[in-house]
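Now for the letters of each chain:
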Amino acid sequence: MSYLEYNVKRVPSGPGKVLYLNWPLLLLLSAVAAVGFLMLYSVAGGSLEPWAEPQMKRFALGVVAMFAVAMVPLWLWRNLAGVAYLGSVLLLLAVEFFGTTGMGAQRWIDLGFMRLQPSELMKIALVMMLAAYYDWLDIRKTSHPLWVVLPLILIAVPVYLTLRQPDLGTALLLVMGGGIVMFVAGVSWWYFGAVIAGGIGLVAAVFSSRGTSWQLLKDYQYRRIDTFLDPASDPLGAGYHITQSKIALGSGGWTGRGFMQGTQSRLNFLPEKHTDFIFTTLAEEFGFIGAFSLLALYVGIVAFCIVSATRNRDRFGALVTLGIGATFFLFFAVNMAMVMGLAPVVGVPLPLVSYGGSAMLVLMVGFGLVQSAHIHRPRDR
Amino acid sequence: MKRSPKDTEASTRLVTRRAAVLGGVQLCLAGVLGWRMRQMQVEQADQFRLLAEENRINIRLIAPARGLIFDRNGTPLAENAQNYRVVIVREDAGDVEAAIARLRQLIYIDDDEVERALKEISRRSPFVPVTITEQRSWDDVAIVAVNAPALPGITPDVGLSRHYPLGQDFAHVIGYVGPVSDYDLGRIEDDDPLLQIPKFQIGKTGVEQKYEHDLRGSAGARRIEVNAAGRVMRELDRDDGVPGSDLQLTVDSGLQNFCEARLALGLSASAVVMDIETGDLTAVGNAPSFDPNKFVRGISVADYRDLTGNKYRPLANKAVQGAYPPGSTFKMLVTLAALDAGELNATETIYCGGFTKLGDRRFHCWKRGGHGRVNLEQSLQQSCDVFYYELAQRVGIERIAECARAFGIGERFDLPMSAVTAGVMPDMDWKRDRYGESWKVGDSLNAAIGQGFVLSSPLQLAVMSARIASGRAVMPRLVKSVDGVEIPLESAAPLPFRPEHLALIRKGMYSVSNTARGTAFRSRIEPPALKLAGKTGTSQVRSVVVDNSEVPWEQRDHALFVAYAPYDTPRYAVSVVIEHGGGGSSAAAPVARDIMLYALHGGLPPLDAYPAADRRGVEEMFARLDLRETTRAGGERSRA
């Protein structure tokens, strides 16, 4: 359904829109961000510097961005989807040529006041692009092979560019995020069955190609997989991170060791304790209760997105909401699975909690879209 | 794009359906995450908690203070001295080489030490203190401390290290400690974690080695929290361990000092002084000696080569390790065996014509012209060999050996010194086992004058003298108390010999030292209350009798003397062996007398204890002795 078809007057407009904002979602997001501030304060040894305070400022900025995005009518965002997508692709290309090398991967463009990760931006832009595409596409053609290939190309371009950086984690998130949008848009089950079968075949190919001349992944990527499958095989090398992470998590017990009492993080046994592995500090200091509570908050946010989407008769709005929610889900699920030893270490931050500017800003912009879809949803009566 | 209401409915239905599937899958995955959290944090929490504790807590051992060793009067013989060190912490020093170069402008450090330190620094974490140099003087440490602002990362430090204040006097008795080596670890069955501490000092020889268990004490421990890089964050708790037990030895440091100094006037000699009543060894002297402190510090290759290459064997504790033919000092035991067997009486005389003929072989007396008719007392007084050749044939080796063993010859005494020898008291079985040959009468003749197969240590000779003097089986001992607890004295059992026989032997020994014809008359003691009874011995190293002044040192005879005094109320037994020293009467007897007099006086003896003619010579000799001041003053120590 398009906006031209329903009574635009029923859609809130003007400053009064603020009242239609979904405040519980903002509350959930703020709660998660607050957990992040607390943990960043803790891992800095009880100090706002160097992480907690900048993170607060960014969150404030993010909330402002969310409001701004939410206030803009959704159809404008739909019309800008192509621009956002093209812009992100160009930025990814720019990273390819001018990117600053950090942590062995070219991921950033230094804007002076912050480092921009175009691959983060792409996560939202891709969701917008695909949602707009399926909004435009006649729904009867959704599963037509020709119209399936087009979104696959839309996904493949940024995935290729992020793999070049190389950033396997983000590439996987893009593939899965894009795939989920295609799934909820109604692409036939058969395609997904084929992809899953192909995926299994690919995994087999990846493993069987190891050490041959047509080796598909880089050596360090294979090592990460090895480490994931058996962290104990290399406890002081690549497996060190995951082993220490699991020790921290497990030693938390039911109620944890207490705020700022986590020995694993305080004594630096944990790697990347303020970014990718921040969940382990939470789990160590607040135990199962703390860790499970954060998981519940995350699930609540995703659940809100799903509920909101199913009640939204605007196709673009529903798909964007589901896409953003799914991307958010993938973030925290992959991160948590990674630190708990259920997934390989791929460098995915814990959303809204890990220290990091562009990821937080991009997510808040994404939730701005969700809010916009919520505010500007069609109302019949 | 315009879309029909029908399509919109279809779209919404499809999206809702797919969203429900997506939500369901996501919920399942979230469930897996929650289940995993529960599994790790609830079910396996204890196991992970343990791993976390292992991560952060390190146990560092604390070396206990080693037990001290004192002499019988409480004078420290082995103590733990402050070991001043200079240490460097790399991360504080910055440029390590420059820092050490600045340090070397202030105090002298040799190149080897610096090289060793630099290698150590490169191996260790930047925050670990590494010793640059140790065993420094207080002055050096003060210089480093005063210049601390100019020496970032370099600090003076103090630890404990073994020190032997009396230096070489007790080198052989107490031995020395040294850093535990891989060789030690392989050799000793000991799982004491202390041995894993780098450079931990353990006893290598002597009392230090034999009483290692008591002296060492038990390890203390410090539980410390470390971070991932191993840096110490804080100490959680500590247990200082139990210091080692102190030992008190039976030796008298003054007498020992005198003994060592007196022996050092010769080339290679040893002496043992034993308390006849208790068996306490009051001095175990060896010459030459060495400084055990050099071994504690880590002896240089050149110094060690000097010690091992020295033909006078400074490292050997000859007093207990040396096995020498006892020579004529053995004759008392042969006499006693003959008396006990009823083959000899006090008045019987035997004719000495200068030799005894056995088959085609002649066994000579040391006096070519012979002694004429000699009785028991005269045979000892003049050390007539022919008399003993006769006794040997009458008594036989078995009974001689039995008697000698009762006096300690051939017995390995259980004393805490290294390589205490059993010597050899041969008999028929021994020779058959050792050489596969039967015992010959000639062997008995040789044994009767303490030659041939018989070998004994100075310790055994002192025990023999003490047993002759007391008539009891006195046991030698070296340790008086452990950790303040006196080791109880067991009263020595009387020897199975008739007192009147023993008295005859003693009378003979008295004559040796106190009658004009006695072989040791020149080394007599004048005051009647202190009269000495002794016996000279000259044991051949070669079978041919030669003039000692004409052959190289190694081929000269060993000079021996055994004695006890006072004759009437025996208190000390002394034995002296001068290796290749020539005649027992000329070389060994004067040394034994001097040591005996010192022991009896508890200090440097007055000159009037000596025969008038000797006093000038003795005075000059005293002046030449290399004594410690306290020893020279002497006498002030309690004689309790």
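The coordinates are above.
These figures come from a predicted structure and were not determined experimentally.

1. What about the packing of aromatic side chains?
Residues and elements named next belong to chain B.
Logical step 1: Scanning the entire structure with this criterion turns up 33 aromatic pairs over all chains.
Logical step 2: Taking 4.6 Å as the distance between ring centres and 20 degrees as the angle between the ring planes, the aromatic pair formed by Phe 258 and Tyr 598 counts as stacked. One end of the pair, Phe 258, is in helix α10 (residues 253-263); the other, Tyr 598, is in helix α22 (residues 584-601), and 340 residues separate them in sequence.
Logical step 3: A ring pair is formed by Phe 258 and Phe 622, whose centres lie 6.2 Å apart and whose planes are at 80 degrees; its orientation type is edge-to-face. With Phe 258 in helix α10 and Phe 622 in helix α23 (residues 615-624), this residue pair connects regions lying 364 residues apart in the sequence.
Logical step 4: Given the relative accessible area of 0%, Phe 258 is considered buried.
Logical step 5: Here the guanidinium or amino end of Arg 362 rests over the ring plane of Phe 355, the centre of that ring lying 3.9 Å away.

2. Some remarks on the nonpolar core
Logical step 1: Of all hydrophobic cores here, the largest spans 111 residues; its most connected members are Phe 279, Leu 294, Phe 332, Met 336 and Phe 367 of chain A.
Logical step 2: In terms of residue count, the dominant contributor to this core is helix α12 (residues 315-339) of chain A (18 residues).
Logical step 3: Counting 95 residues, the second-largest nonpolar core is a separate cluster that includes Val 420, Trp 439, Met 464 and Ala 466 of chain B.

3. Re a nonpolar patch on the surface
Residue and element names in this part refer to chain A.
Logical step 1: Residues Val 149, Leu 150, Ile 153 and Val 157 make up a contiguous nonpolar surface patch of roughly 300 Å² in combined accessible area.
Logical step 2: Secondary-structure assignment places Ile 153 in helix α5 (residues 145-164).
Logical step 3: The class for Ile 153 is partly exposed, based on a relative accessible area of 46%.

4. What to know about the interface of chain B and chain A
Logical step 1: The interface is formed by 43 residues belonging to chain B together with 61 residues belonging to chain A.
Logical step 2: Across the interface of chain B and chain A, roughly 4500 Å² is buried in total on both sides, 65% from carbon and sulfur atoms.
Logical step 3: The interface formed by chain B and chain A holds one salt bridge in total.
Logical step 4: Across the salt bridge formed by Glu 53 of chain B and Arg 257 of chain A, the nearest N and O atoms sit 3.0 Å from each other.
Logical step 5: Where chain B meets chain A, there are nine residue pairs in polar contact (both at pLDDT 80 or more).
Logical step 6: For the side of chain B that touches chain A, the secondary structure elements donating two or more residues are α1 (5-43), α2 (45-56), β8 (220-226) and β9 (232-239) of chain B.
Logical step 7: With 26 residues, α1 of chain B is the largest single contributor of residues to the side of chain B that touches chain A.

5. Some points on the sheet that holds strand β11 (residues 269-275) of chain B
All names here are of chain B.
Logical step 1: One open sheet holds the five strands; their spatial order is β12-β11-β21-β20-β19, and the pairing between them is antiparallel. Taken across any chain shown, the strands that pair with only one partner, and hence form the sheet edges, are β12 (281-287) and β19 (533-539). Averaged over neighbouring strand pairs, the angle between their axes works out to 5 degrees when direction is ignored.
Logical step 2: Summarising the sheet, β19 and strand β20 (residues 558-565) pair through seven bridges and their orientation is antiparallel. Bridge assignment links Thr 538 to a residue of β20, and that residue is Ala 559.
Logical step 3: Each of β11, β12 and β21 (572-578) touches α10; the most contacted strand, β12, lies at about 25 degrees to it.
Logical step 4: Sheet strands touched by helix α20 (residues 458-470): β11, β12, β20 and β21. Its angle to β21, the strand with the most contacts, is close to 150 degrees.

6. Considering the side chain of Lys 431 of chain B
Residue and element names in this part refer to chain B.
Logical step 1: Considering the arrangement of structural elements, one finds Lys 431 in helix α18 (residues 428-435).
Logical step 2: A distance of 2.8 Å separates the side chain of Lys 431 from the side chain of Asp 443, its partner in a polar contact.
Logical step 3: Sequence-distant contacts of Lys 431, that is, excluding residues within four places in its chain, are made with Gly 436, Glu 437, Ser 438, Trp 439, Lys 440, Asp 443 and Phe 453.

7. Some details on the pattern of salt bridges
Logical step 1: Enumeration over the complete set of coordinates arrives at 38 salt bridges over all chains.
Logical step 2: Two residues, Glu 120 of chain A and Lys 123 of chain A, come together in a salt bridge whose shortest N-O distance is 3.2 Å. Of this pair, Glu 120 of chain A and Lys 123 of chain A both sit in helix α4 (residues 118-136), three residues apart, which is roughly one turn of that helix. Like Glu 120 of chain A, the residue Lys 123 of chain A is buried in the burial classification.
Logical step 3: With a shortest N-O distance of 3.2 Å, Arg 238 of chain B and Asp 240 of chain B are connected by a salt bridge.
Logical step 4: Residue classification places Arg 238 of chain B among the partly exposed positions, given a relative accessible area of 46%.
Logical step 5: Counted as one network, the salt bridges with shared partners bring together Arg 66, Arg 162, Glu 208, Glu 212 and Arg 216 of chain B.

The rules we used
- Residues numbered from 1 in each chain as written.
- Chains lettered and ligands numbered in written order.
- Predicted model: local features only at pLDDT ≥ 70, side-chain atom pairs only at ≥ 80, totals over all residues.
- Heavy atoms only, no water.
- Phe/Tyr/Trp six-rings, centres within 6.5 Å; stacked < 30°, edge-to-face > 60°.
- Helix = DSSP H or I, 4+ residues; strand = E, 2+ residues; numbered from the N terminus.
- Buried < 20%, exposed > 50% of the residue type's maximum accessible area, 1.4 Å probe, protein only.
- Lys NZ or Arg CZ within 6 Å of the ring centre and 35° of its normal.
- Core = buried A, V, L, I, M, F, W, Y, C linked by side-chain atoms within 4.5 Å.
- Patch = residues over 30% accessible without salt bridge, like charges linked within 9 Å, V, L, I, M, F, W, Y side chains within 5 Å.
- Areas by Shrake-Rupley, 256 points an atom, 1.4 Å probe, with all protein chains shown as cover.
- Salt bridge = Lys/Arg side-chain N within 4 Å of Asp/Glu carboxyl O.
- Contact = heavy atoms within 4.5 Å.
- Buried area = accessible area lost by both parts, 1.4 Å probe.
- Polar contact = N/O pair within 3.5 Å; in protein donor to acceptor, adjacent residues only side chain to side chain.
- Pairing = 2+ DSSP bridges.
- Axes fitted to C-alpha atoms, helices over the stretch in contact; angles between N-to-C directions.

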